[in-house]
Amino acid sequence: MSTFFKNLFTRAEIADEASHQLEASLSFLSSRMDEQLSQAAVEQAADVALWEPYAEFLKRSLPQRMDQPIAIAVELDMLQRYVSSFKAIHAMAAPIKWDIKVEESCNVPAFILFPLIENALKVGYTSLAEAPLKIQIRSYAKSLSLTVSNRVNHHVESQQHTQILHWYESRLRHIFGDRYTLLYNSNSYTFKATLNLFF
């Protein structure tokens with residue numbers, strides 16, 4: 001009987017790991033090309049000022065591979081292009097406040113910073129010019145931190161419990177194991193996510 005239960009738990013663990021790997025892949029793929037943003041860009045393709053910057057982002061993002069780390073400078077370049085295109089295509093009122101300091105360069109998994117910011121753009125309240133989306137990034141040789149804060153959107157049940165973040169957390173566990181922390185804090189006005197990665 002003990003052997004039966006041992007085999008049963010082993011199969012459950014294998015299935016759980018396979019599920020995490022699938023979700024990790026989905027997180028990567030959805031960051032490499034945001035289908036919703038791509039559809040919105042296609043619908044406005046006649047507006048060259050909107051389409052061309054997004055096309056430039058895709059030229060950089062689509063060749064990236066899940067198993068091939070990239071320099072933090074490349075990650076940040078793609079991230080800023082993505083955010084800029086998202087804001088322009090959706091005519092987003094809220095300003096973006098960047099605070100980036102790269103003390104030492106490092107290599108990171110491609111798009112590892114994207115989902116927290118994508119989640120804030122899509123689920124946070126971005127219709128007020130007086131409510132900026134704040135992005136703080138710190139890069140060191142052996143660690144990387146990201147803090148994203150935005151005005152709470154009272155029209156959604158939870159900014160934390162989304163498919164974007166569910167897949168993202170699976171990817172973080174798959175890549176970093178226990179070498180990361182991800183904390184969420186919210187009140188009536190602000191939702192904040194803080195990520196720390198350790199290499």
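Presented here is an overview of the structure given in this document. (Residues numbered from 1 in each chain as written. Predicted model: local features only at pLDDT ≥ 70, side-chain atom pairs only at ≥ 80, totals over all residues. Heavy atoms only, no water.)

1. Comments concerning the pairing of strand β6 (residues 180-186)
- Across seven bridges, the pairing between β6 and strand β7 (residues 190-198) is antiparallel. Its bridge partner lying in β7, Thr 181 is registered against Asn 196.
- Counting the residues in the hairpin turn of β6 and β7 gives three residues. (Pairing = 2+ DSSP bridges. Helix = DSSP H or I, 4+ residues; strand = E, 2+ residues; numbered from the N terminus.)

2. Some remarks on the packing of aromatic side chains
- The final tally for this structure, using the stated rule, is 10 aromatic pairs.
- Between the aromatic rings of Tyr 54 and Phe 57, the centroid separation amounts to 5.8 Å while the plane-to-plane angle is 25°, which identifies the pairing as stacked. With Tyr 54 and Phe 57 both in helix α3 (residues 48-61) and three residues apart, this pair spans about one turn of that helix.
- For the pair Phe 57 and Tyr 82, a centre-to-centre distance of 5.8 Å together with 50° between the ring planes defines the contact as tilted. You can see Phe 57 sitting in helix α3 and its partner Tyr 82 sitting in helix α4 (residues 72-89), a full 25 residues away along the chain. Comparing Phe 57 with Tyr 82 shows no difference in burial state: the two are buried. (Phe/Tyr/Trp six-rings, centres within 6.5 Å; stacked < 30°, edge-to-face > 60°. Buried < 20%, exposed > 50% of the residue type's maximum accessible area, 1.4 Å probe, protein only.)

3. With respect to the side chain of Gln 64
- Relative to the assigned elements, Gln 64 resides in the loop between α3 and β1 (70-71).
- Here Gln 64 falls in the buried class, since its relative accessible area comes to 15%.
- At a separation of 3.0 Å, a polar atom in the side chain of Gln 64 contacts the main-chain carbonyl oxygen of Arg 60.
- Leave out the neighbours within four places in its chain, and Gln 64 touches Phe 28, Arg 32, Ile 70, Val 74, Met 78, Ala 110 and Phe 111. (Polar contact = N/O pair within 3.5 Å; in protein donor to acceptor, adjacent residues only side chain to side chain. Contact = heavy atoms within 4.5 Å.)

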